[in-house]
Amino acid sequence: MTLHMLFGCAQLENCLALLGASDTLMVMHKDALESLSAAKVATPCNVVVLEGASSGPDINERFALIDTADWLELICKYPHSMSWY
């Protein structure tokens, strides 16, 4: 049960390879969101996007948007977190 915070796209493949069903992938930056969307892979876990990283309404339909308070709740919920740049 890990919260994966994706800040950039350089390690996207490595991040995706480690995702499990009980994890959450949180997209932190617009570039990372664009790379994830372009990859068109099915993730085994929940994917959320931090407000400000969203790039358009089509993204909003695919992933849930969260704010800073929601981010803090996720940090408290998950015993482990990883940052990907």
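The coordinates are above.
Residues numbered from 1 in each chain as written. Predicted model: local features only at pLDDT ≥ 70, side-chain atom pairs only at ≥ 80, totals over all residues. Heavy atoms only, no water.

## Some points on the overall build of the protein
Formally: Secondary structure elements are taken from DSSP: a helix is a run of H or I of four residues or more, a strand is a run of E of two residues or more, and numbering for both begins at the N terminus. Our radius of gyration looks at C-alpha atoms and nothing else; its globule reference is 2.2 Å times the residue count to the power 0.38. Burial here depends on accessible area, computed with a 1.4 Å probe over protein chains only, as a share of the maximum for the residue type. Under 20% is buried, over 50% is exposed, and the range in between is partly exposed.
From N to C terminus, the protein includes four helices and five strands. Going residue by residue from the N terminus, the α and β elements of the protein occur as β-α-β-α-β-α-β-α-β. Compactness check: the protein gives a C-alpha radius of gyration of 12 Å against a globular reference of 12 Å for 85 residues, within 12% of the reference. Principal-axis analysis of the C-alpha atoms places the extent of the protein at approximately 30 × 30 × 20 Å. For the protein, the residues scored as buried account for 39% of the 85 residues in total.

## Some details on the pairing of strand β1 (residues 2-6)
Rule in force here: Strand pairing follows a simple DSSP-based rule, namely that at least 2 bridges must link the two strands.
Counting buried positions along β1 gives five out of five residues, so the element sits mostly inside the fold. Residues Thr-2, His-4 and Leu-6 point to one face of β1 and Leu-3 and Met-5 to the other, with burial holding for every one of them. Pairing geometry for β1 and strand β5 (residues 80-84), over five bridges, is parallel. Along β5, the bridge assignment pairs Thr-2 with His-80. Pairing between β1 and strand β2 (residues 24-27): four bridges, direction parallel.

## Description of the side chain of Thr-2
Applied cut-off: Whether two residues are in contact is decided by their heavy atoms: any pair within 4.5 Å suffices.
Along the chain, Thr-2 falls in strand β1. Beyond its immediate stretch of four places on either side in the chain, Thr-2 contacts Ser-22, Asp-23, Thr-24, Tyr-78, His-80, Ser-81 and Met-82.

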